[in-house]
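Summary of structural features
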Amino acid sequence: MKTYPFTIQSSRGLHARPCASIAATAKQFDASISLETNGQEIDASNPIALMSAGISCGDDIILRISGKNEDEALKAIKEIINNELLQD
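The present account deals with the structure reproduced in this document. (Residues numbered from 1 in each chain as written. Predicted model: local features only at pLDDT ≥ 70, side-chain atom pairs only at ≥ 80, totals over all residues. Heavy atoms only, no water.)

Moving on to the overall build of the protein chain. Of the regular secondary structure elements, the protein chain holds three helices and four strands. Ordering the α and β elements of the protein chain from the N terminus gives β-α-β-β-α-β-α. The globule rule puts the C-alpha radius of gyration for 88 residues at 12 Å, and the 11 Å found for the protein chain is close to it. With the C-alpha coordinates aligned to their principal axes, the bounding extent of the protein chain is approximately 35 × 25 × 20 Å. For the protein chain, with 88 residues in total, the buried portion stands at 40%. For the protein chain, the share of sequence-separated contacts (at least 6 apart) that also reach a separation of at least 24 residues comes to 75%. Total accessible area on the protein chain stands at roughly 4700 Å², and carbon and sulfur atoms take up 44% of it. Seen as two clouds, the 8 positive and the 12 negative side-chain charges of the protein chain have centres 4 Å apart. (Helix = DSSP H or I, 4+ residues; strand = E, 2+ residues; numbered from the N terminus. Rg over C-alpha atoms; globule rule 2.2 N^0.38 Å. Buried < 20%, exposed > 50% of the residue type's maximum accessible area, 1.4 Å probe, protein only. Contact = heavy atoms within 4.5 Å. Areas by Shrake-Rupley, 256 points an atom, 1.4 Å probe, with all protein chains shown as cover. Lys, Arg positive; Asp, Glu negative; His and termini not counted. Charge placed at Lys NZ, Arg CZ, Asp CG, Glu CD.)

Here it is, written out as structure tokens:
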């Protein structure tokens with residue numbers, strides 16, 4: 001299992017574009033991928049679940065990935081996070 005903790009920096013929080021990007025990317029890998037925040041675990045391949053979680057600026061998140069392609073999935077999703085959620 002791979003984990004990547006981060007804090008949302010974007011003032012818009014986890015909004016539609018990164019939700020769609022994360023979900024589309026998660027679906028490409030043979031791995032279980034989720035985001036955990038405030039004791040809630042969210043399926044990263046489900047854009048509606050991601051948007052419905054109400055993740056805001058300042059929220060602490062843990063990306064969790066397990067499966068055959070976990071290293072590749074972590075790299076791909078970290079790139080989305082770094083480009084869209086760790087800056088404003």
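Residues Phe 6, Leu 14, Ile 33, Leu 50 and Leu 63 are the most contacted members of the largest nonpolar core, which totals 25 residues. Those elements giving two or more residues to this core turn out to be strand 1 (2-7), helix 1 (16-26), strand 2 (31-37), strand 4 (60-67) and helix 3 (70-84). Top element by residues in this core is helix 3. It accounts for five residues. Non-local contacts of Phe 6, meaning those with residues more than four positions away in its chain, are made with Asp 59, Asp 60, Ile 61, Leu 63, Ile 81, Leu 85 and Leu 86. (Core = buried A, V, L, I, M, F, W, Y, C linked by side-chain atoms within 4.5 Å.)

This part is about the sheet that holds strand 3 (residues 40-43). Ordered by their spatial adjacency, four strands build an open sheet running 1-4-2-3, and the pairing between neighbours is antiparallel. Looking at strand neighbours, the two that pair on one side only are strand 1 and strand 3, the edges of this open sheet. When strand polarity is set aside, the average angle formed by the axes of neighbouring strands in this sheet is 25 degrees. Sheet topology places strand 1 next to strand 4; six bridges connect them, and they run antiparallel. In the strand pairing of strand 4, Tyr 4 is matched with Leu 63. (Pairing = 2+ DSSP bridges. Axes fitted to C-alpha atoms, helices over the stretch in contact; angles between N-to-C directions.)

Any functional reading would require information that these geometric values do not contain.
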